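# Reading the structure
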Amino acid sequence: MTDIDTDTATVSRLIRAQRAVEGDGFVVRRPFPTTMLSHLDPFLLFDHMGPMEFAAGEGVGTPWHPHRGFETVTYLLEGEVEHRDSLGNHGFLNAGDTQWMTAGSGVLHKEGPSQAAQAAGGRMHGLQLWVNLPAAEKMSAPAYQDLRAEANARRDQDGSSVRVIAGRLFGLAGPGSTRTPISYAHVSLAAGAEVTTELPAGHVVLAYPLTGAFRIGNTQVDEGILAVVEGTELTVRGVAPSSEVIVLTGQPIGEPVARYGPFVMNTEGELRQAFSDFERGRFGTPDD
Ligand code: FE
C-alpha cells in the first residue's frame, strides 16, 4: 500500500452550467456550449433539463427542427417524452430510457412531454447530450436507437447503483452502439457510498451531478457544476443525502468543428450547404 496513488483520477477543471431557454420556453442548465466554451471534443452540447414540475397544459418541448452532422442522445430520469421525426418514427421515452439519434445527413424532429403528460401535468428531468460525428459519418443515413431502461447494464451494491447505457465503465458494458468510442453511465450514490471504474485511455472524461453532489478525491462537485476528470482510475463518492451522477467518456475526434444552431459540420461551406438543403426541404417534412 502506498500513500500516493498516482493512478487515481482527479478533477482538472470545474465548469459552471449557465441557464438557457430552449424550444418553446423551458429552462436548461448548460455547461456548454457557452460563449466561454464551444465544446469538449467529442461532446458538443450538454443540457440538463429539470427536474421541473409543470401544471396541466403547461408542459413545453421543442417544435419541429432539423439536425445534421452529429448525434443527439436523450436520457430521461423522470417524466414521459414523446418524439416524432420526418422519417416517420414516433415513440415515447420513460424514466431510464435513452434515445440515441444519429442525425447524420439530416432529420427533422420534435420532442417534448407526451400528450398524456401535457394533459395531466407532471415532472420532467433529463439530459440531452450532442455527440459529434467524424467527417466520414456526418452525411451517413439517419438512425435511431431506442435503449430501454431494462436493457442497460446494471449493478446494485453497497448503497450504489450503476447503470451503463453505452461503452464500458465500472466493469459493465452498455447496450448502446456508438460511432466513435463513447461511454455513458448513470450512478446513484447514497451518502458515503463510492464506486470505482477504470477510465479508457485518451478519452475526455466528464462527471456531473444531476441531483445532489459527489466527491472525486478532495474535490466536491455540487449541482450545476460539470467536472472534467483526468487519470486512469476514477472513484466517485456520494455526498449527503444522495446523488445521481452522470459519468461520460469520449475519444476526441480531433477534426475542425464548424457549428451553427442545429448543424455541426467541419467547414463553413458545409454549414452553408446544410442551410441551403434545409431551406429546400431536403431534410424531409413534418409528419403531423
Ligand atoms: Fe433536437
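Residues numbered from 1 in each chain as written. Predicted model: local features only at pLDDT ≥ 70, side-chain atom pairs only at ≥ 80, totals over all residues. Heavy atoms only, no water.

## Observations concerning the pairing of strand 7 (residues 81-85)
Test applied: Burial classification: accessible surface area is computed with a 1.4 Å probe over protein chains only, and a residue below 20% of its type maximum counts as buried, one above 50% as exposed, and the rest as partly exposed. The helix and strand labels rest on DSSP assignments: H or I over at least four residues marks a helix, E over at least two residues marks a strand, and numbering proceeds from the N terminus. The criterion for strand pairing is that DSSP finds at least two bridges linking the strands in question.
For strand 7, the tally of buried residues reaches five of five residues, placing the bulk of the element in the interior. Two strands pair when backbone bridges link them, and strand 7 and strand 8 (residues 90-93) are joined in this way by four bridges, in the antiparallel orientation. Counted as the bridge partner of Arg84 is His90 from strand 8. Adjacent in sequence and paired antiparallel, strand 7 and strand 8 are bridged by four residues, among which Gly88 carries a positive phi angle near 95 degrees. Judged from the five bridges that link them, strand 7 and strand 10 (residues 107-113) form a sheet pairing that is antiparallel. Its bridge partner lying in strand 10, Glu82 is registered against Gly112.

## Let's talk about the pairing of strand 19 (residues 204-216)
Where a strand is regular, its side chains alternate between the two sheet faces. Counting buried residues in strand 19 gives 10 out of 13 residues, a clear majority hidden from the surface. Alignment of strand 19 against strand 22 (residues 233-250), held across 10 bridges, turns out to be antiparallel. Among the inter-strand pairings, Arg215 is bridged to a residue of strand 22, identified as Arg237. Examined bridge by bridge, strand 19 and strand 20 (residues 219-221) share three bridges and lie antiparallel to one another. Counted as the bridge partner of Ile216 is Thr219 from strand 20.

## Some remarks on the packing of aromatic side chains
For any pair of aromatic rings, the description rests on two quantities: the centre-to-centre distance and the angle between the ring planes. What counts here: When the centres of two rings from Phe, Tyr and Trp lie within 6.5 Å, Trp using its six-membered ring, the rings pair. Their planes under 30 degrees apart give stacked, over 60 give edge-to-face, and anything left gives tilted.
Within the structure shown, the criterion is met by nine aromatic pairs. Residues Tyr75 and Tyr184 carry aromatic rings whose centres are separated by 6.0 Å and whose planes lie at 65 degrees to one another, so their mutual orientation is edge-to-face. Taken together, the positions of Tyr75 in strand 6 (residues 70-78) and Tyr184 in strand 17 (residues 182-190) put the pair 109 residues apart, joining distant regions of the chain. Since its relative accessible area comes to 0%, Tyr184 is described here as buried. For the pair Phe263 and Phe283, a centre-to-centre distance of 5.7 Å together with 55 degrees between the ring planes defines the contact as tilted. Highlighted residues: Phe263 in strand 24 (residues 263-265) and Phe283 in the segment after helix 2 (268-279), separated in sequence by 20 residues.

## Digging into the coordination of the iron ion
For clarity, the threshold we go by: Only nitrogen, oxygen and sulfur atoms qualify as donors, and only when within 2.8 Å of the metal (3.2 Å in the case of Na, K and Ca); with water excluded, sites may look incomplete.
Here the iron ion is held by the protein donor atoms His65 (NE2), His67 (NE2) and His109 (NE2), which lie 2.1 Å from it. Looking at His109, the relative accessible area reads 1%, which means it is buried.

## Thoughts on the pattern of salt bridges
This is how it is decided: Salt bridges are defined as contacts in which a side-chain nitrogen from Lys or Arg sits within 4 Å of a carboxyl oxygen from Asp or Glu.
Inspection of every chain in the model, using the stated rule, returns 11 salt bridges. A salt bridge links Glu223 to Arg29; its shortest N-O distance comes to 3.2 Å. Within this pair, whereas Glu223 is found in the loop between strand 20 and strand 21 (225-230), its partner Arg29 is found in strand 3 (residues 26-32), the two being separated by 194 residues in sequence. The class of Arg29 is partly exposed, set by a relative accessible area of 23%.

## Points about the sheet that holds strand 5 (residues 62-67)
In a beta sheet, neighbouring strands pair by backbone hydrogen bonds and run either parallel or antiparallel. Let me state the cut-off plainly: Structural elements are reduced to axes, namely lines fitted to C-alpha atoms, with helices fitted over the stretch in contact, and the angle between N-to-C directions of any two is expressed from 0 to 180 degrees.
Strand order in the open sheet formed by four strands is 5-10-7-8, with antiparallel pairing between adjacent strands. What marks the edges here is a single partner per strand, and that holds for strand 5 and strand 8. Neighbouring strand axes in the sheet, compared pairwise and without regard to direction, differ in orientation by 25 degrees on average.

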